Amino acid sequence: MKTAPVALLFLILNQMHPSLLQDSVRGCPKEIPHNEKLLSLKYERDRETLMPPPSPLPSRPQGFKCLEISRWVICGLIGFLTGLIACCIDIAVENLAGVKYYVVKQNIEKFTEVGGLSISLILWAVLNSAFVMVGAVIVAFFEPGAAGSGIPQIKCYLNGVKIPRVVRLKEGPMIHSGAVVAAGVSQGRSTSLKKDFKIFEYFRRDTEKRDFVSAGAAAGVSAAFGAPVGGVLFSLEEGASFWNQMLTWRIFFASMISTFTLNFFLSIYNNKPGDLSSPGLINFGRFESDVSFLDFSTLLLVNYGAILKCVCVCVLRYVHRPCLQVMEAMLVAAVTATVSFAMIYFSNDCQPLGPDQSEDYPLQLFCADGEYNSMATAFFNTPERSVRSLFHNPPGSYNPLTLSLFTLTYFFLACWTYGLTVSAGVFIPSLLIGAAWGRLFGILLAAITPNGSVWAVPGKYALMGAAAQLGGIVRMTLSLTVITTVYTVLIIVIHLVVPQGLYDIHIKLQSVPFLHLEAPATSHWLTAREVMGAPVTCFNRIEKVGTIVDVLSNTSTNHNGFPVVVPVAICGLILRSQLIVLLKHKVFVELARSRLTQRKLQLKDFRDAYPRFPPIQSIHVSQDERECMMDLTEFMNPTPYTVPQETSLPRVFKLFRALGLRHLVVVDSENRVVGLVTRKDLARYHLGKHGLEEMQLAQT
Ligand code: ATP
Ligand code: MG
């Protein structure tokens with residue numbers, strides 16, 4: 001039932017997506033030539049040609065095949081390693097939670113009679129804070145980039161923005177981990193580990209690396225939720241701005257391998273080899289029957305997620321010193337423990353222990369023998385398990401007061417936790433909050449309707465609530481359908497009702513030049529002339545070394561791309577990184593003549609320097625060398641993309657999105673350079689309250 005829309009989607013995607021580069025047919029020819037060696041001239045191109053950027057390619061046909069095979073191998077490796085990491089995380093979390101549970105439980109049992117409950121409370125709080133401290137210290141002092149879920153950063157990276165250190169080796173939630181693994185594996189080396197395996201050197205380029213990172217993110221999602229298709233859809237909707245069909249299959253492959261690896265090793269760990277019943281870290285369990293009706297009133301609650309977003313953004317960080325950050329994280333952990341403890345203690349929602357109890361640990365806590373504390377199933381559990389109980393425990397397992405108190409407190413705790421200096425996100429907390437109010441809603445519905453039995457499946461409302469809450473917060477609608485296995489209709493409503501996801505808000509607050517799907521709606525009257533940067537710093541094809549060094553050293557401009565001109569007309573474009581490699585190897589005209597035996601600069605020298613090119617200050621150029629000349633002809637991109645000044649902003653925007661451009665040169669009718677457009681010039685324009693607004697560019 002739920003697979004049908006997904007299958008349809010894939011069908012449509014498969015049919016439509018390559019439209020950017022593929023020809024389509026205009027009108028039907030009268031007669032189709034049945035000859036595979038023939039190309040008909042009747043079919044015309046329906047758009048103007050968009051040529052892919054020139055890139056160094058292997059010259060022999062076997063080269064292409066080898067490359068393609070390496071890509072698949074890399075994707076398999078990415079999936080395997082991501083699955084392995086997920087497996088380790090899962091085992092560690094289960095064991096740590098188990099230890100915490102037994103220690104605290106035994107303590108409570110020991111002290112309930114003697115009346116020393118505060119000791120149990122302190123123990124819990126200390127355990128919580130200790131775990132959190134380890135996490136927070138690592139993040140605050142060693143790798144601040146690992147804070148949060150990593151999803152906004154990965155989104156930006158896949159959009160084409162370089163976020164410093166985003167894919168350096170570090171731990172992080174699954175999506176981030178997958179991306180990091182992918183970046184490391186695909187480059188055949190790790191800068192953090194200072195190791196170069198001298199393999200996959202061809203892939204040391206932005207475009208290739210980005211493709212692999214989207215595969216890694218997909219593998220992460222797939223391992224977290226046991227949903228390979230969900231992983232692919234996540235990469236498709238959240239990430240990869242530049243997509244092609246082969247990518248779909250490679251990413252799907254990585255996702256499958258990752259789920260399978262996790263499943264395989266976990267089933268061995270659980271002593272059920274070959275059983276393969278734990279495909280994801282978060283397993284929602286199976287619903288016996290499909291939801292047999294659709295309750296539209298639930299849909300109205302979707303926007304509830306928006307409130308959480310606002311609060312989260314408000315608390316988005318006011319503490320900046322690492323020590324304070326660690327202390328804050330520990331404080332939050334301790335407060336969480338205290339609040340949970342108080343809630344469990346004061347709740348008198350004791351339920352009889354049924355024969356088919358789904359929890360592994362019977363959470364008796366302060367209840368009589370043969371009973372369990374239902375507040376504790378929500379609070380004193382790993383959140384994944386709490387979600388599962390909310391979904392599957394039989395009607396009557398929770399009383400409404402418990403659920404409402406839980407929703408409220410957990411909500412505020414989640415807000416406070418968001419953006420702490422630990423590697424954690426809002427994904428699971430929002431699922432849990434949603435499941436709690438969903439279930440509450442289901443119970444109330446059953447109470448107020450006369451024919452209660454029809455509505456009496458609170459677990460299903462919990463599922464809807466979870467999907468609505470998560471959708472309201474992250475707005476990842478396509479992948480959610482698959483991940484939470486919920487009705488497509490609900491998801492479509494989320495898509496329509498929720499204006500912006502939390503991750504997008506996060507990205508906006510960090511002033512990242514993010515290119516959305518489309519140019520702002522009212523920007524048609526803007527042209528390249530208005531948005532471009534001018535006058536442009538250009539180089540001559542044969543340029544003095546001193547001039548190049550001076551331009552690159554100018555910290556006030558710090559540009560990365562420079563058009564190359566011959567007298568005035570454009571003949572190429574060269575990047576700062578290329579110039580730096582040239583200067584480093586002293587590829588000067590005079591030296592080349594005097595030392596004919598000198599090794600020629602090769603593509604490999606550029607790849608080896610990727611992605612961390614040295615700064616210009618670290619390159620020494622003597623006074624004599626400054627007088628030398630440098631011939632850029634061989635190294636520049638001889639066919640940079642250019643547009644006339646009259647091109648509209650939406651058109652420029654489309655070029656940037658479709659081709660993944662970095663610099664677009666604006667020329668006049670004589671091919672003279674008049675301006676330069678970069679993604680920052682485009683991202684400056686956004687639709688505000690008063691129509692089109694323009695943001696300032698600042699060096700921060
Ligand atoms: P990126 O930062 O994406 O690597 P970049 O550093 O080359 O690219 P931006 O930082 O986006 O360029 O440029 C900031 C501003 O400077 C933009 O308004 C852009 O138009 C302008 N600009 C970029 N390169 C040049 C150049 N060579 N000459 C003049 N202006 C430029
Ligand atoms: Mg820049």
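Preceding this section is the structure that the text describes.
Notes on the structure in this doc start here. (Residues numbered from 1 in each chain as written. Chains lettered and ligands numbered in written order. Predicted model: local features only at pLDDT ≥ 70, side-chain atom pairs only at ≥ 80, totals over all residues. Heavy atoms only, no water.)

## Looking at the overall build of the protein
In terms of helices and strands, the protein carries 28 helices and 14 strands. Within the protein, the fraction of its 700 residues that count as buried is 49%. Considering only residue pairs separated by 6 or more positions, the protein has 72% of its internal contacts joining residues 24 or more positions apart. Total accessible area on the protein is roughly 34700 Å²; 63% of this is exposed by carbon and sulfur atoms. (Helix = DSSP H or I, 4+ residues; strand = E, 2+ residues; numbered from the N terminus. Buried < 20%, exposed > 50% of the residue type's maximum accessible area, 1.4 Å probe, protein only. Contact = heavy atoms within 4.5 Å. Areas by Shrake-Rupley, 256 points an atom, 1.4 Å probe, with all protein chains shown as cover.)

## So, the site of ligand 1
Of all residues adjacent to ligand 1, which total 16 residues, the nearest are Arg662, His663, Thr678, Lys680 and Asp681. His559 places a polar side-chain atom, nitrogen or oxygen, 3.3 Å from a nitrogen atom of ligand 1. Mapped onto the shell around ligand 1, the elements with two or more residues apiece are β7 (561-566), β12 (673-678) and α28 (679-683). Grouping the amino acids of the shell around ligand 1 by side-chain chemistry returns five nonpolar, eight polar and three charged. (Near = heavy atom within 4 Å. Polar contact = N/O pair within 3.5 Å; in protein donor to acceptor, adjacent residues only side chain to side chain. Nonpolar A, V, L, I, M, F, W, Y, C, P; charged D, E, K, R; others polar.)

## Observations concerning the packing of aromatic side chains
For the structure shown, the criterion picks out 21 aromatic pairs. With a centroid separation of 5.3 Å and an interplanar angle of 75°, the aromatic rings of Phe203 and Phe212 are classed as edge-to-face. Phe212 matches Phe203 in its accessibility class, with the two residues each being buried. The ring of Tyr202 has Arg205 sitting right over it, with the charged end atom 4.7 Å from the ring centre. (Phe/Tyr/Trp six-rings, centres within 6.5 Å; stacked < 30°, edge-to-face > 60°. Lys NZ or Arg CZ within 6 Å of the ring centre and 35° of its normal.)

## Regarding the packing of helix α4 (residues 151-159) against helix α6 (residues 206-225)
At a minimum axis separation of 9 Å, α4 and α6 run at an interaxial angle of 150°. Between α4 and α6 lies a crossing whose hand is left-handed. Facing Ile154, Tyr157 and Leu158 of α4, the residues of α6 in contact are Lys209, Arg210, Val213, Ser214 and Ala217. For the contact of α4 with α6, the per-class residue count stands at five nonpolar, one polar and two charged. (Axes fitted to C-alpha atoms, helices over the stretch in contact; angles between N-to-C directions. Left-handed = near helix turned anticlockwise from the far one by under 90°.)

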